Amino acid sequence: MIGNKHPDALGQPARTVFPEAWETLEPLIGHVMSGNGATALHEQLIPLERTDEIEDVWFDSSYNPIPIEDGSIGGVFNIAVDVTDRIQAEEALSESEELLRLALDVGEIGVWELDLRTYESPHHSPRHDETFGYEEPVEEWNLECAFDHFHPDDREQAEACFEEALQTGECEFETRIIRADGEQRWIMVQGSFYYDDAEPVRAIGTVQDITERKQTQAEREAERKQLESELSEILGRVSDAFYAVDDEWRFTHINGRTEELLEQSRKEMIGERLWDIFPEASETVAWDDFHEAMETNKPRSHTLYYNSLEMWIEETAYPSETGLSVYFRDVTERKEAKEALQEAKEQLEIATTAGSVGVWTWNIATDIVTADRVLAKKFGIAPETAATGAPLDDFLASIHEDDRARVRQAIEGATDEFESEYRVRDANGDERWVIARGEVEYDRNTDPYDRNTDPVQINGVLVDITERKRAQLALERLNDVSRELIDSDTETISDHVAELTQDILDVEFAALWRYDEMAGELREDVSHTALETDLDVRFPDDFSNHVWQTFIGDNLDIENHLDVPESTASTLPLQSRVLVPLGSHGVICAGSTRTGTFDEQTVELVETVAATVKTAWDRAEGE
């Protein structure tokens with residue numbers, strides 16, 4: 001306990017043995033020697049030189065008098081228990097709890113606990129109460145209080161989810177609520193249930209307001225439906241294969257592409273019933289969709305796998321007065337590619353989820369920032385440097401020059417809380433959007449809530465929001481493009497397709513291969529590269545064949561790992577590209593200097609861009 005002082009300390013005066021601590025010990029020993037009786041101290045901090053340096057050590061100790069024969073005090077008997085490890089563990093736990101609270105605040109997540117025997121809530125965080133519309137913390141809360149806030153149309157489903165969770169141990173559902181202030185919002189509820197001898201006794205979970213996400217989804221769905229409504233007739237006419245049946249389901253028309261895909265001749269099928277030739281279809285979604293299209297006089301679409309044909313078929317049925325017109329295509333390759341892409345995406349998300357939040361601390365007095373590996377990577381700083389600490393300016397240098405002064409002003413001027421959304425350059429040199437949030441900590445040796453004392457440090461977290469920002473910016477640009485093209489002529493559309501595609505997708509290269517009806521061939525009509533980008537635009541030898549197959553097949557062609565010739569040191573090669581058909585007008589090519597650029601979300605955006613351009617082009621040609 002006293003380290004290197006033993007055994008030389010035996011027989012020596014306490015003042016000589018503990019000079020570094022004598023200022024603390026002398027009053028205690030003097031108190032006992034003066035006849036004032038024993039004294040005890042809890043978690044007493046004593047500076048102690050046990051090795052070659054002085055360290056802070058905490059003790060639970062007592063100082064007891066040692067009487068001698070004449071009744072006077074001859075010495076002091078000291079009993080001390082070193083509780084330093086416990087004190088440090090408690091402080092570390094407190095800091096961890098604070099960082100968790102900050103992370104929950106960034107995600108605007110409320111926490112709740114429920115006693116499953118009484119259905120009372122012994123704990124619910126302020127964020128939980130705010131989510132339900134309460135400005136002040138709610139003292140009493142229970143399961144029925146929560147159900148009373150659920151939208152009447154959603155309550156039955158929520159109760160069913162809760163009952164199921166009593167058996168499974170987990171619950172997760174989304175529901176509408178009526179807040180205390182009367183506002184209707186969407187929330188997501190998640191929880192884990194705990195048992196005692198198979199009886200559920202306790203549940204802990206979170207609640208998060210997801211109204212903004214729901215509204216965004218609804219807006220995108222409305223835009224998608226409007227676009228589908230405008231394009232459905234045109235898309236139907238340019239599909240590769242189609243057939244028509246009458247109101248008794250007998251084939252009345254079949255084109256050549258249908259014969260190829262179905263491997264049956266027109267003579268074999270005309271006059272025969274659809275369900276007799278393809279009996280397996282009567283047990284699939286095709287039966288329901290085709291009958292619903294007939295009954296409602298509204299188009300129906302689906303994708304399904306036909307075992308007899310060994311292929312995935314995408315079908316759209318358009319009702320008419322005499323029956324149905326069905327347009328379809330073989331989407332086996334696209335389906336398999338999409339499933340492989342989705343699997344890869346899910347694996348990537350699992351691998352990176354743990355690194356979505358970075359943690360940092362800025363010591364104001366020393367101007368040193370320490371951070372974990374996640375944040376270090378976002379700022380392009382070596383993890384070892386970030387862990388030991390670096391000047392604030394080193395971190396600010398990675399922030400986009402247009403955001404840097406604003407962020408510096410926000411963090412240096414923070415008095416209670418700090419929050420800022422900005423762009424940084426990560427370790428790969430890529431631009432990322434992040435949101436940082438922190439809380440100012442004051443001198444712990446005084447009142448931690450007294451703002452008249454000096455701030456000591458800011459503890460915070462950082463979240464990467466790049467994908468959300470990119471999707472938001474891309475959607476805004478797409479809306480602008482739609483308005484620009486709606487009244488344009490064909491030449492204006494042709495001249496600007498590549499530039500608009502490059503800008504919306506935020507890639508380095510885009511080009512239009514336009515179909516020449518007179519020559520019967522595709523030609524590169526116009527291309528566009530990003531500003532200040534020295535590209536080496538070279539494609540593999542079979543690239544022109546890929547362009548042609550995309551045009552005649554009306555299917556996307558995606559390559560996220562291009563095998564291209566080596567480039568010079570001063571130029572950047574394209575590493576991934578996508579080809580998108582524009583119906584009878586040609587093909588759009590978008591290229592990126594990064595591998596894996598065209599993931600599922602980007603491909604969906606590419607398809608929307610192509611559909612927008614094609615609609616405007618068709619409209620311009622029809623005027």
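A quick note: this is a predicted structure, and the numbers were derived from the prediction, not measured.

Caption draft 1: Geometry of the overall build of the chain. Counting its secondary structure elements, the chain contains 20 helices and 26 strands. Residue burial in the chain is summarised as follows: out of 623 residues, 40% are buried. Across the chain, contacts joining residues at least 24 apart in sequence account for 48% of those joining residues at least 6 apart. Taken as a whole, the chain presents about 35300 Å² of accessible surface, with 47% of it coming from carbon and sulfur.

Caption draft 2: Local environment of the sheet that holds strand β2 (residues 54-67). Overall, antiparallel pairing links the three strands, which are arranged β1-β2-β3 in an open sheet. The two strands at the open ends of the sheet, each matched to only one other strand, are β1 (39-49) and β3 (73-82). Neighbour-to-neighbour, the strand axes of this sheet turn through a mean angle of 40°, independent of strand direction. Here nine bridges tie β2 to β3, and the two strands are oriented antiparallel to one another. Each residue of the ladder has a partner; that of P65, found in β3, is V76. In the packing of helix α2 (residues 22-36) onto the sheet, the strands contacted are β1, β2 and β3, and the crossing angle to β1 comes to about 140°.

Caption draft 3: Just the packing of helix α17 (residues 466-485) against helix α18 (residues 490-505), in detail. Closest axis-to-axis distance for the α17/α18 pair is 10 Å, and the angle between their directions is 170°. Here α18 runs roughly antiparallel to α17, going by the angle between their axes. Facing α17, whose interface residues are A474, R477, L478, V481, E484 and L485, α18 presents I493, L500, D503 and I504. In the contact of α17 with α18, the residues fall into seven nonpolar, no polar and three charged.

Caption draft 4: Highlighting a nonpolar patch on the surface. Residues I66, F77 and I79 make up a contiguous nonpolar surface patch of about 270 Å² in total accessible area. Topologically, I79 is positioned in strand β3. Judged by relative accessible area, I79 falls into the partly exposed class, the value being 43%.

Caption draft 5: The arrangement of helix α19 (residues 543-553) in detail. All of the buried residues in α19 are F543, V547, T550, F551 and G553. Positioned one or two residues after α19, D554 has a phi angle of 55°, which is positive.

Caption draft 6: Inspection of the packing of α17 against helix α20 (residues 600-622) at higher detail. Close contact between α17 and α20 brings their axes to 10 Å; oriented N to C, the two are set at 5°. By the criterion of interaxial angle, the relationship of α17 to α20 is roughly parallel. Contact residues: E467, A471, A474, L478, S482 and L485 in α17; Q601, L605, T608, V609, T612, V613 and A616 in α20.

Caption draft 7: Up close: the sheet that holds strand β17 (residues 417-425). Spatially, six strands are ordered β16-β15-β14-β19-β18-β17 in an open sheet, and the strand pairing comes out antiparallel. The outermost strands of the open sheet, each flanked by one partner alone, are β16 (390-391) and β17. Note that strand β15 (residues 368-371) and β16 share two bridges and pair antiparallel. Bridging across to β16, V369 finds its partner in A390. The sheet strands contacting helix α16 (residues 401-412) are β14 (357-363), β17 and β19 (455-464), and the helix crosses β17 at an angle near 155°.

Caption draft 8: Looking closely at the pattern of salt bridges. For the coordinates displayed, the defined rule picks out 41 salt bridges. Residues R86 and E43 are paired through a salt bridge, measuring 2.8 Å at the closest nitrogen-oxygen approach. Taken together, the residues R86 in helix α3 (residues 84-106) and E43 in strand β1 connect sequence positions 43 residues apart. Accessibility expressed as a relative area gives 35% for R86, which makes it partly exposed. Between R155 and D148 there is a salt bridge; the shortest N-O distance is 3.3 Å. Under the relative-accessibility criterion, R155 is labelled partly exposed at 23%.

Caption draft 9: The pairing of β14, seen in detail. The pairing of β14 with β19 spans seven bridges and is classified as antiparallel. Note on β19: the bridge partner recorded for W360 is G460. Connecting β14 to the antiparallel partner β15 that follows it, the hairpin turn spans four residues, and D367 within it adopts a positive phi of roughly 60°.

Caption draft 10: Representation of the environment of L274 within the structure. Secondary-structure assignment places L274 in helix α10 (residues 274-277). You can call L274 buried: its relative accessible area is 4%. Along the sequence, L274 and D246 sit 28 residues apart, while their C-alpha atoms lie 9.9 Å from each other.

Caption draft 11: Structural detail: unusual backbone geometry. A positive phi angle is found at E43, which is not glycine, with a value near 55°. Of note in the backbone geometry, N297 takes a positive phi value of approximately 60° without being a glycine. With respect to the secondary-structure elements, N297 resides in the loop between α11 (285-296) and β11 (300-306). Residue classification places N297 among the exposed residues on the basis of a relative accessible area of 53%.

Caption draft 12: Broad picture of the pairing of β11. As judged from the seven bridges shared by β11 and strand β12 (residues 311-319), these two strands associate in the antiparallel manner. Paired with S301 across the strands is T316, a residue of β12. From the end of β11 to the start of β12, which pair antiparallel, there are four residues, and E310 there has a positive phi angle of about 55°.

Caption draft 13: Expanded view of a negative patch on the surface. A surface patch of negative charge is lined by D489, D495, E524 and D525. Here D495 shows up in helix α18.

Caption draft 14: Representation of the confidence of the model for the chain. Averaged over the chain, the pLDDT score is 84; the fraction of residues at 70 or greater is 90%. Note that residues 231-239 has pLDDT below 50 and, in this model, 12 contacts with residues that lie over four places away or in other chains. Across residues 347-355 the pLDDT falls below 50, and counting only partners more than four positions away or on other chains, this stretch makes one contact in the model.

Caption draft 15: Up close: α2. Under the 1.5 Å per step criterion, the end-to-end length of α2 is 19 Å for 15 residues, consistent within 8% with the ideal 21 Å. All of the buried residues in α2 are W22, L25, L28 and V32. In an axial view of α2, the angular spread of the buried residues amounts to 140°, which keeps them on one side of the axis. Every exposed residue of α2 that faces more than 90 degrees away from the buried side is listed here: E23, P27, S34 and G35.

Caption draft 16: Layout of the packing of aromatic side chains. Within this structure, the stated rule accounts for 21 aromatic pairs. On the basis of an interplanar angle of 45° and a centroid distance of 5.6 Å, the ring pair of W548 and F551 is categorised as tilted. Residue W548 and its partner F551 are both found in helix α19; the two are separated by three residues, about one turn of the helix. The exposure class of F551 is buried, given its relative accessible area of 14%. A network of ring pairs unites the aromatic residues Y119, F147, F150, F162, F173 and F193 as a single cluster. Of note, R202 hangs over the ring of Y194, and the distance from its end group to the ring centre comes to 6.0 Å. It is K214 that lies over the ring of W186; its NZ or CZ is 4.5 Å from the centre.

How each quantity is defined
Residues numbered from 1 in each chain as written. Predicted model: local features only at pLDDT ≥ 70, side-chain atom pairs only at ≥ 80, totals over all residues. Heavy atoms only, no water. Helix = DSSP H or I, 4+ residues; strand = E, 2+ residues; numbered from the N terminus. Buried < 20%, exposed > 50% of the residue type's maximum accessible area, 1.4 Å probe, protein only. Contact = heavy atoms within 4.5 Å. Areas by Shrake-Rupley, 256 points an atom, 1.4 Å probe, with all protein chains shown as cover. Pairing = 2+ DSSP bridges. Axes fitted to C-alpha atoms, helices over the stretch in contact; angles between N-to-C directions. Parallel < 35°, antiparallel > 145°, perpendicular 65-115°, else oblique. Nonpolar A, V, L, I, M, F, W, Y, C, P; charged D, E, K, R; others polar. Patch = residues over 30% accessible without salt bridge, like charges linked within 9 Å, V, L, I, M, F, W, Y side chains within 5 Å. Salt bridge = Lys/Arg side-chain N within 4 Å of Asp/Glu carboxyl O. Lys, Arg positive; Asp, Glu negative; His and termini not counted. Charge placed at Lys NZ, Arg CZ, Asp CG, Glu CD. pLDDT = per-residue confidence, 0-100. Expected span 1.5 Å × (residues − 1). Arc of directions from axis to C-beta. Phe/Tyr/Trp six-rings, centres within 6.5 Å; stacked < 30°, edge-to-face > 60°. Lys NZ or Arg CZ within 6 Å of the ring centre and 35° of its normal.

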